Amino acid sequence: MNKLELISQIQQKKSFLCIGLDVDLAKIPTHLLSESDPIFEFNKQIIDATHHLAVAYKPNTAFYEAYGIKGWVALEKTINYINEKYPEIFTIADAKRGDIGNTSTMYAKAFFEDLNFDSVTVAPYMGSDSVEPFLAFNNKHTILLALTSNKGGLDFQGLKTDNSELYKEVLKTALTWKNSENLMFVVGATKAEYFKDIRQIVPNHFLLVPGVGAQGGNLQDVCKYGLNNNCGLLINSSRGIIYAGNDKGFALKAKDEAFKLQQEMEQILHKKSQG
Ligand SMILES: O=C(O)c1cc(=O)[nH]c(=O)n1[C@@H]1O[C@H](COP(=O)(O)O)[C@@H](O)[C@H]1O
């Protein structure tokens, strides 16, 4: 999917919501556990109930890898289901990869070619030749960790270099890499006060913003400086939406939570369009 298609979906749905499919068998409704593939069944019902409110889904691969082959099969079934039934939706493999060049190429093939995700999250720590193999894929997007939502995110990302903080150097340097137009950046919703500075360095790129909901990030605070003229934000909530209910009506509860965020987003987009 290209960026224009993503922007057009945001405009049509009046939403920039990304739903995180972080499936934990200990948290899903118990009646699903007798299904042959409880993880996929859970995802399918969540997706069917929320696809009109969300523009992206983000399975975090940890929640699938933890269940071995069965988990990986459920991940494959989930991405195939989204691509076949809701091809307009932007998909994110949250895998936080990055390695020496030839290894990164294989990671990129796994997520972009074999599984056919639109994007993958990547760590910048190993530098240009660990990220450029991902950027080489046409119409695929590499979402680079810039300033993460967790408390320890500042341990290294906030370190002062000779020039500025490390996360700012990551943003500036990444812009010089080949095919940098295929980049998006992760900035945590819990770091709303940093968005003004970040938008000065990357005014046009999309930012994936996790941390709304369970981690306490605030949508309005993020949007104050995070929005750009194309919206430029994908706001993720995982637990806050998918575990809103845990009985037979869980998908409807998830829909209600997604609807609340979508309504807030619609108002924010409307206000922005009024100047
Ligand atoms: O890359 C991510 O998506 C990510 C980056 C970050 O800085 N913080 C963060 O929470 N995430 C992921 O976003 C999701 C947040 O989930 P909830 O806190 O349940 O909404 C999880 O899958 C995290 O791994």
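Residues numbered from 1 in each chain as written. Predicted model: local features only at pLDDT ≥ 70, side-chain atom pairs only at ≥ 80, totals over all residues. Heavy atoms only, no water.

Student: Would you mind going over the packing of helix 2 (residues 38-50) against helix 12 (residues 250-273) with me for this structure?
Tutor: When two helices pack together, you describe them by how their axes are tilted relative to each other and by the distance separating the axes. Where helix 2 meets helix 12, the closest approach of the two axes is 9 Å, and the angle between their N-to-C directions is 45°. The pairing of helix 2 with helix 12 is recorded here as oblique in orientation. For the pair helix 2 and helix 12, the crossing hand works out as right-handed. On helix 12, the residues touching Phe42, Gln45, Ile46, Ala49 and Thr50 of helix 2 are Phe250, Ala251, Ala254, Lys255 and Ala258. Class assignment for the residues of the contact of helix 2 with helix 12 results in seven nonpolar, two polar and one charged. (Axes fitted to C-alpha atoms, helices over the stretch in contact; angles between N-to-C directions. Helix = DSSP H or I, 4+ residues; strand = E, 2+ residues; numbered from the N terminus. Parallel < 35°, antiparallel > 145°, perpendicular 65-115°, else oblique. Left-handed = near helix turned anticlockwise from the far one by under 90°. Contact = heavy atoms within 4.5 Å. Nonpolar A, V, L, I, M, F, W, Y, C, P; charged D, E, K, R; others polar.)

Student: Looking at this model, I keep getting lost on the nonpolar core. Mind explaining?
Tutor: General note: in soluble globular proteins, nonpolar side chains tend to be found buried as a group. In this structure, Phe16 and Leu233 are the most contacted members of the largest nonpolar core, which totals 91 residues. Broken down by element, the residue count for this core peaks at eight residues, all from helix 12. When sequence neighbours within four positions are dropped, the list of residues in contact with Phe16 reads Ile10, Val55, Leu219, Cys223, Leu227, Cys231, Leu233, Leu234, Ile235, Met265, Ile268 and Leu269. (Core = buried A, V, L, I, M, F, W, Y, C linked by side-chain atoms within 4.5 Å. Buried < 20%, exposed > 50% of the residue type's maximum accessible area, 1.4 Å probe, protein only.)

Student: Is there a simple way to think about the sheet that holds strand 2 (residues 56-58) in this case?
Tutor: Taken together, eight strands build a closed barrel; the order of strands is 1-2-3-4-5-6-7-8 and the barrel is parallel. Averaged over all pairs of adjacent strands, the angle between strand axes in this sheet comes to 30°, irrespective of strand direction. (Pairing = 2+ DSSP bridges.)

Student: Can you walk me through the site of the ligand in this structure?
Tutor: Taken together, 17 residues sit near the ligand, with Asp22, Ser149, Gln215, Ser238 and Arg239 positioned nearest. A distance of 2.6 Å is found between an oxygen atom of the ligand and a side-chain nitrogen or oxygen belonging to Asp22. Interatomic distance of 2.8 Å between a side-chain N/O atom of Gln215 and an oxygen atom of the ligand. When the ligand is considered free in solution it has 500 Å² of accessible area, and contact with the protein chains removes 89% of it. (Near = heavy atom within 4 Å. Polar contact = N/O pair within 3.5 Å; in protein donor to acceptor, adjacent residues only side chain to side chain. Areas by Shrake-Rupley, 256 points an atom, 1.4 Å probe, with all protein chains shown as cover.)

Student: Please clarify how the UniProt feature "domain: Orotidine 5'-phosphate decarboxylase" (unreviewed entry) in the protein chain should be interpreted in this entry.
Tutor: Within the UniProt annotation, "domain: Orotidine 5'-phosphate decarboxylase" (unreviewed entry) is assigned to residues 16-254. Across residues 16-254, helical content stands at 40% and strand content at 17%; the span's end C-alpha atoms are separated by 16 Å. (UniProt positions renumbered as here; feature names shortened; annotations may be inferred.)

Student: What should I look at first to understand the side chain of Asn43 in this one?
Tutor: Counting through the fold element by element, Asn43 comes out in helix 2. Under the relative-accessibility criterion, Asn43 is labelled buried at 0%.

Student: It is not clear to me how the pattern of salt bridges should be interpreted in this structure. Could you clarify?
Tutor: Between side chains of opposite charge, pairing is possible as soon as their charged atoms come close. Following the criterion strictly, the structure yields nine salt bridges and no others. Among the ionic pairs, Lys96 bridges to Asp94, the shortest N-O distance being 2.8 Å. The partner of Glu165 in a salt bridge is Lys168, with the nearest N and O atoms 3.3 Å apart. Take Lys168: its relative accessible area is 13%, and that puts it in the buried class. One salt-bridge network, in which partners are shared between bridges, spans Lys58, Asp94 and Lys96. (Salt bridge = Lys/Arg side-chain N within 4 Å of Asp/Glu carboxyl O.)

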